[in-house]
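# Coordinate analysis (summary)
So the chains spell out like this:
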Amino acid sequence: MGQKKDLTGSEKSKIVRYLAEGCSSLKIAKLLKRDHRTIKRFIQNSQQGRKKRVDKPRRKITAHELRKVKRAAAKMPLATSLAIFQSCNITGVPKSTRCAILRDMAKVRKAERRPPLNKTHKLKRQDWAKKYLKTDFSKVLWTDEMRVSLDGPDGWARGWIGKGQRAPVRLRRQQGGGGVLVWAGIIKDELVGPFRVEDGVKLNFQSFCQFLEDTFFKQWYRKKSASFKKNMIFMQDNAPSHASKYSTAWLARKGIKEEKLMTWPPCSPDLNPIENLWSIIKCEIYKEGKQYTSLNSVWEAVVAAARNVDGEQIKTLTESMDGRLLSVLAKKGGYIGR
């Protein structure tokens, strides 16, 4: 009976089972046709407990070093704990201690995402705010598109898990598993839509106008009174499909032209209140890290979430415009957040 070097995983499992049944090491060796010394060595190694970890004394942080760390954290936003402590020439501090110290004076945050604003953009934002400062925003229809994917944002799939429980598996698919493009509008306390863009359709100036004709105009705008249409102001951003000469001329033939079509400053999603509506809907459809298996299911979730948004929430968004304009002027065209 030749001696072999290593036991396989299957053999190790059998040894454990045989030991539980009361078999001796010699009997196990005969059952597995392995050398008795190999079996005994495995049993002895398994019975030896892990060596107890000897904790080394931790480095103490002085009050002077704490002040240096606080100044470094203020000067180095989004830096790691290691980078902050190294900039202060403080070494030998384990990560757990660094994080515990920083937790008392700082918070972990993600960088804010916003469009770039140059000098020209800021001037145009100020001009826009001055132009519409006296506008009755209850008569403005704020519109925009939103894309929702099957997987949703990765950063939202976080939450508390009880001890002893495993985190649920989260799917990772290319392009978030695909998605649905949604168009909607809000005016005063009313939600227009949402309307779904047909799958596979790329919105250029022609397909966008046809989409508005089939959804917005046929299903909502035509039902409104003549006085409503006369006073309504249509807002859309400067996406190529929106701002093209073809789209502008097409809207003009529908009666939406000149003062009835709001001009829009570049790089200004923070000024559009419907962006906040998109946030409300996404928080609802992706809560608890929810994912979807089909485009129809995610679209149904969007429709259900939109129905749960009441008129008071929408009214709060549309009535925020006066404050947004004043904030733009106060910040000299700078970004105001959402």
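Quick caveat, the model's predicted, so the values are computed rather than measured. (Residues numbered from 1 in each chain as written. Predicted model: local features only at pLDDT ≥ 70, side-chain atom pairs only at ≥ 80, totals over all residues. Heavy atoms only, no water.)

## Things to note about the pattern of salt bridges
The cut-off we apply is this: Salt bridges are counted wherever a side-chain nitrogen of Lys or Arg sits within 4 Å of a carboxyl oxygen of Asp or Glu. By the criteria applied, helices consist of DSSP H or I runs no shorter than four residues and strands consist of E runs no shorter than two, each listed in order from the N terminus. Buried residues are those whose accessible area, probed at 1.4 Å on protein chains only, stays under 20% of the maximum for their type, while exposed residues exceed 50% and partly exposed ones sit between those limits.
Tallied over the entire structure, the rule returns 9 salt bridges. Across the pair E190 and K224 runs a salt bridge whose closest N-O atoms are separated by 3.4 Å. One end of the pair, E190, is in strand β3 (residues 190-196); the other, K224, is in the loop between α8 (205-219) and α9 (226-231), with 34 residues separating them in the sequence. Given the relative accessible area of 27%, E190 is considered partly exposed. Judged by relative accessible area, which is 24%, K224 ranks as partly exposed. Among the salt bridges present, the one from D199 reaches R196, with a minimum N-O distance of 2.8 Å. The network of salt bridges with common partners includes E213, R222 and K254.

## Description of the pairing of strand β1 (residues 140-149)
The following threshold applies: A pair of strands is labelled paired if DSSP reports no fewer than 2 bridges between them.
Buried residues dominate β1, accounting for 9 of its 10 residues. Bridging between β1 and strand β4 (residues 233-235) involves 3 bridges; their strand directions are parallel. Looking across to β4, one finds that W142 is bridged to M235. Note that β1 and strand β2 (residues 179-187) share 8 bridges and pair antiparallel.

## Some thoughts on the confidence of the model for the chain
For clarity, the cut-off: pLDDT expresses, on a scale from 0 to 100, how confident the predictor is about each individual residue.
Summary statistics for the chain give a mean pLDDT of 88 and a share of 92% for residues scoring 70 or more. Ranking the elements of the chain by mean pLDDT puts helix α3 (residues 36-47) last with 83 and β4 first with 97.

## Some remarks on the packing of α8 against helix α11 (residues 245-253)
To keep things clear, this is the line we draw: Fitting a line to C-alpha atoms yields each axis, with helices limited to the stretch in contact; the angle taken between N-to-C directions then spans 0 to 180 degrees. Working rule for angles: under 35 degrees goes down as roughly parallel, over 145 as roughly antiparallel, 65 to 115 as roughly perpendicular, anything else as oblique. Crossing handedness follows the turn of the near helix against the far one: under a right angle anticlockwise gives a left-handed crossing, and clockwise gives a right-handed one. Note on definitions: a residue-residue contact is assigned when non-hydrogen atoms from the two residues lie within 4.5 Å. Only Asp, Glu, Lys and Arg are considered charged in this grouping, and only Ala, Val, Leu, Ile, Met, Phe, Trp, Tyr, Cys and Pro are considered nonpolar; every other residue, Gly among them, is considered polar.
For the pair α8 and α11, interaxial distance at closest approach is 9 Å and the crossing angle is 30°. Considered as vectors, α8 and α11 are oriented roughly parallel to each other. Helix-helix and strand crossings are classified by hand; for α8 and α11 the assignment is right-handed. Along its contact with α8, which presents F205, Q206, F208, C209, L212, E213 and F217, the element α11 presents Y246, S247, W250 and L251. When grouped by side-chain class, the residues that make up the contact of α8 with α11 number 8 nonpolar, 2 polar and 1 charged.

## Some points on the packing of aromatic side chains
Rules: The rule is short: rings of Phe, Tyr and Trp, with Trp giving its six-membered ring, pair when the centres are within 6.5 Å, and they are stacked under 30 degrees, edge-to-face over 60, tilted in between.
One pass over the structure, following the stated rule, counts 16 aromatic pairs. Taking the centre distance of 5.0 Å and the plane angle of 55° together, the rings of F205 and Y246 count as tilted. Note that F205 is positioned in helix α8 and Y246 in helix α11, a separation of 41 residues in sequence. Arranged with centres 5.5 Å apart and planes meeting at 80°, the rings of F217 and W250 form a pair that is edge-to-face. Here W250 lies in helix α11 and F217 lies in helix α8, a separation of 33 residues in the sequence. For W250, a relative accessible area of 11% translates into the label buried. By the ring-pair criterion, three or more aromatic residues cluster together here, those being W183, F195, F211, F216, F217, W220, Y221, F228, F234 and W250.

## With respect to the side chain of D151
Condition: Pairs of N or O atoms are called polar contacts if they sit within 3.5 Å, as long as, within protein, a hydrogen donor faces a hydrogen acceptor (for residues adjacent in sequence, only side-chain-to-side-chain pairs).
Secondary-structure assignment places D151 in the loop between β1 and β2. At 3.3 Å, the side chain of D151 forms a polar contact with the side chain of Q291.

## Some words on helix α13 (residues 295-307)
The condition is simple: Expected span, for any helix, means 1.5 Å times one less than how many residues it has.
For α13, spanning 13 residues, the distance from its first C-alpha to its last is 19 Å, which sits close to the expected 18 Å at 1.5 Å a residue. Buried within α13 are the following residues: V298, W299, A301, V302, V303, A305 and A306.

## Describing the side chain of Q236
When you line up the elements, Q236 lands in the loop between β4 and α10 (240-243). Q236 sits in the buried class, given a relative accessible area of 6%. From its side chain, Q236 meets the backbone oxygen of H242 in a polar contact 3.3 Å long. Those residues in contact with Q236, other than ones at most four positions away along the chain, are T143, F208, H242, L251, L261 and W264.

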